[in-house]
Amino acid sequence: MGVATNGAAEPALKFLIYGRTGWIGGLLGQLCTAQGIPFVYGAGRLENRAQLEADIDAAAPTHVFNAAGVTGRPNVDWCETHRAETIRANVVGTLTLADVCRGRGLVLINYATGCIFEYDEGHQLGSGVGFKEEDTPNFVGSFYSKTKAMVEELLKNYENVCTLRVRMPISSDLSNPRNFITKITRYDKVVNIPNSMTILDELLPISIEMAKRNLTGIWNFTNPGVVSHNEILEMYRDYIDPSFSWKNFNLEEQAKVIVAPRSNNELDTAKLKGEFPELMSIKESLIKYVFEPNRKTKA
């Protein structure tokens, strides 16, 4: 689904964004302000169809962005004991918004998750073989991931939805507790597994460009390649804090301190890279957007 401009001036844009109090929703607003794109935040609850319709009527947007939903506090283990609330936000709410947008002829950019896969025989750790957009989710270890896989499958039936599979998001703001780097620097121990990850400083502007191009369907929304926990912490030590140290433990030891297993995988980014050839590899993006701007050690 795309719109050809034939060299004409870019049409006027106005975004309606859900997730005002969230990390990604807040960053989106900042980006729109910086780019001069008019936007408003939705006031309605996602599961309330009438409120969503009222938001759209009031805003008259050209595109809708959904950065709302439940991830749990302090982490996804919360969803294990709050299942109805998780379904209401992540399934009912997202589907209601998609349906309302479809009825109004609006493209919905939906920030989803790539934490719906785990390494398997066909996608072995270290093989470089990543899960593609059309692959069926194989990770059901956490209730959060289950709800995300459910809603992704249902959203395939909505031709107006652009599903972006975000993983282990990272930004240049190392004070944000949702930042993957900030999280692992505060853990007593970390596992050391290569994963696909999303550098928000580079990829959120791309999501705005995707809206401009009216792109839809499922997209693996991570930087190409993988990076391990230890590689990130080594960069943190080298760029930020020379005295920083950490301890590792294995998955069996990790399982004793968490409620639900965590997803570890590599996503294939050929589709996104094909649309945006300038997309940097995960390690290059980490250095350019995160560690160089925060450098506290001498180069």
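Quick notes on the rules
- Each residue is numbered by its place in its chain's sequence as written, counting from 1.
- pLDDT decides what is reported in this predicted model: residues at 70 or higher carry local features, side-chain atom pairs at 80 or more are listed and counted, and totals for whole chains, interfaces and linings draw on all residues regardless.
- Only hydrogens and water are set aside; all other atoms, that is, all heavy atoms of the structure, feed into the side-chain values.
- UniProt positions are given in the numbering used here, feature names are shortened, and annotations may be inferred rather than shown by experiment.
- Summary of the burial criterion: residues with accessible area below 20% of their type's maximum are buried, those above 50% are exposed, and those between are partly exposed, where the area comes from a 1.4 Å probe applied to protein chains only.
- Each helix corresponds to a stretch of at least 4 residues labelled H or I by DSSP, and each strand to a stretch of at least 2 residues labelled E; elements are numbered beginning at the N terminus.
- For two strands to pair, DSSP has to find at least two bridges joining them.
- The aromatic pairing rule takes the rings of Phe, Tyr and Trp, using the six-membered ring of Trp, and pairs them if the centres are within 6.5 Å, calling planes under 30 degrees apart stacked, those over 60 edge-to-face and the rest tilted.
- Two thresholds decide whether a charge sits over a ring: the Lys NZ or Arg CZ must be within 6 Å of the ring centre and within 35 degrees of the ring normal.
- Working rule for contacts: check all heavy atoms of both residues, and any pair within 4.5 Å makes them a contact.
- Take the residue count of a helix, subtract one, and multiply by 1.5 Å to get its expected span.
- Whenever a nitrogen or oxygen atom comes within 3.5 Å of another N or O atom, the pair is scored as a polar contact, on the condition that within protein one atom can donate a hydrogen and the other can accept it, and that pairs from neighbouring residues in sequence are kept only if both atoms are in side chains.
- Every case where a carboxyl oxygen of Asp or Glu lies within 4 Å of a side-chain nitrogen of Lys or Arg is listed as a salt bridge.

Per an unreviewed UniProt entry, the chain is named RmlD-like substrate binding domain-containing protein, and its organism is Eragrostis curvula. UniProt, in the comment section headed Pathway (unreviewed entry), describes the chain in these words: "Carbohydrate biosynthesis."

*Asks:* What should I look at first to understand the pairing of strand S1 (residues 15–18) in this one?
*Replies:* Consecutive residues of a regular strand have side chains that alternate between opposite faces of the sheet. Across the two faces of S1 the burial is the same, with Phe15 and Ile17 and Leu16 and Tyr18 all buried. Bridge count for S1 against strand S2 (residues 39–41) is three bridges, and the pairing is parallel. Residue pairing across strands places isoleucine 17 opposite tyrosine 41, the latter belonging to S2. As judged from the four bridges shared by S1 and strand S3 (residues 63–66), these two strands associate in the parallel manner. Following the sheet pairing, isoleucine 17 is matched in S3 by phenylalanine 65.

*Asks:* Before we go on, may I ask you to explain unusual backbone geometry in this structure?
*Replies:* The bulk of non-glycine residues show a negative phi, and the bulk of peptide bonds are trans. Phi at alanine 60 takes a positive value of approximately 50 degrees, unusual for a residue other than glycine. Using a relative accessible area of 54% as the deciding quantity, one classes alanine 60 as exposed. Although it is not a glycine, asparagine 214 sits at a positive phi angle of roughly 55 degrees. Among the structural elements, asparagine 214 can be located in the loop between helix H7 (200–212) and strand S6 (217–220).

*Asks:* Help me out: how do you make sense of the packing of aromatic side chains in this one?
*Replies:* Each aromatic ring pair is characterised by the separation of its centres together with the angle its planes make. As enumerated under the stated definition, the model contains seven aromatic pairs in all. On the numbers, 5.5 Å between centres and 90 degrees between planes, the contact of phenylalanine 39 with tyrosine 41 is edge-to-face. For tyrosine 41, a relative accessible area of 19% gives the class buried. Ring centres of phenylalanine 65 and tyrosine 111 lie 6.5 Å apart, and the angle between their planes is 25 degrees; this geometry places the pair in the stacked category. With phenylalanine 65 in strand S3 and tyrosine 111 in strand S4 (residues 107–113), this residue pair connects regions lying 46 residues apart in the sequence. With a relative accessible area of 0%, phenylalanine 65 lands in the buried category. Judged by relative accessible area, tyrosine 111 falls into the buried class, the value being 6%. Three or more aromatic residues joined by ring pairs make a cluster, and in this case those are Phe15, Phe65 and Tyr111. In this structure, lysine 271 is placed above the aromatic ring of tryptophan 219, and the distance from its NZ or CZ to the ring centre is 4.4 Å.

*Asks:* Before we go on, may I ask you to explain the side chain of threonine 198 in this structure?
*Replies:* You can see threonine 198 is positioned in the loop between helix H6 (180–186) and H7. Those residues in contact with threonine 198 that sit more than four places away from it in its chain are Val166, Arg167, Met168, Pro169, Ile170, Leu203, Phe221, Thr222 and Asn223.

*Asks:* Looking at this structure, I do not really get helix H1 (residues 23–35). What am I missing?
*Replies:* Think of an α-helix as 3.6 residues a turn; residues three or four steps apart then line up on the same face. The terminal C-alpha atoms of H1, which comprises 13 residues, lie 19 Å apart, in line with the 18 Å expected from a rise of 1.5 Å per residue. The complete set of buried residues in H1 reads Trp23, Ile24, Gly25, Gly26, Leu28, Gly29 and Cys32. On the buried face of H1, the contacting elements are S1, S2, S3, S4 and H7. Where H1 terminates, the next one or two residues include glycine 36, which has phi positive at roughly 70 degrees.

*Asks:* Is there a simple way to think about the environment of cysteine 32 in this case?
*Replies:* For cysteine 32, the position within the fold is in helix H1. Along the backbone, cysteine 32 and glutamate 252 are 220 residues apart, and their C-alpha atoms lie at a distance of 44 Å. Each residue touching cysteine 32, except ones within four places of it in the same chain, is listed here: Phe15, Ile17, Ile37, Phe39 and Ile208.

*Asks:* Before we go on, may I ask you to explain the side chain of threonine 94 in this structure?
*Replies:* Mapped onto the elements of the fold, threonine 94 is located in helix H4 (residues 83–103). Residue threonine 94 is classed as buried on the basis of its relative accessible area of 4%. Among the polar contacts made by the side chain of threonine 94, one reaches the main-chain carbonyl oxygen of asparagine 90 at a distance of 3.2 Å. Residues contacting threonine 94, with those up to four places away along its chain left out, are Asn66, Ala89, Asn110, Val151 and Leu155.

*Asks:* I'm lost on the pattern of salt bridges in this one. Help?
*Replies:* Side-chain pairing between opposite charges can occur once the charged atoms of the two side chains come close. The final tally for this structure, using the stated rule, is 14 salt bridges. The partner of arginine 45 in a salt bridge is glutamate 47, with the nearest N and O atoms 3.1 Å apart. Judged by its relative accessible area of 55%, arginine 45 falls in the exposed class. Here arginine 104 makes a salt bridge to aspartate 57, at a shortest N to O gap of 2.6 Å. Here arginine 104 is found in the loop between H4 and S4, whereas its partner aspartate 57 is found in helix H2 (residues 49–59), with 47 residues between them in sequence. Aspartate 57 gets classed as exposed once you look at its relative accessible area, which sits at 53%. Here the salt bridges share partners, and the residues they tie into one network are Arg49, Glu53 and Asp99.

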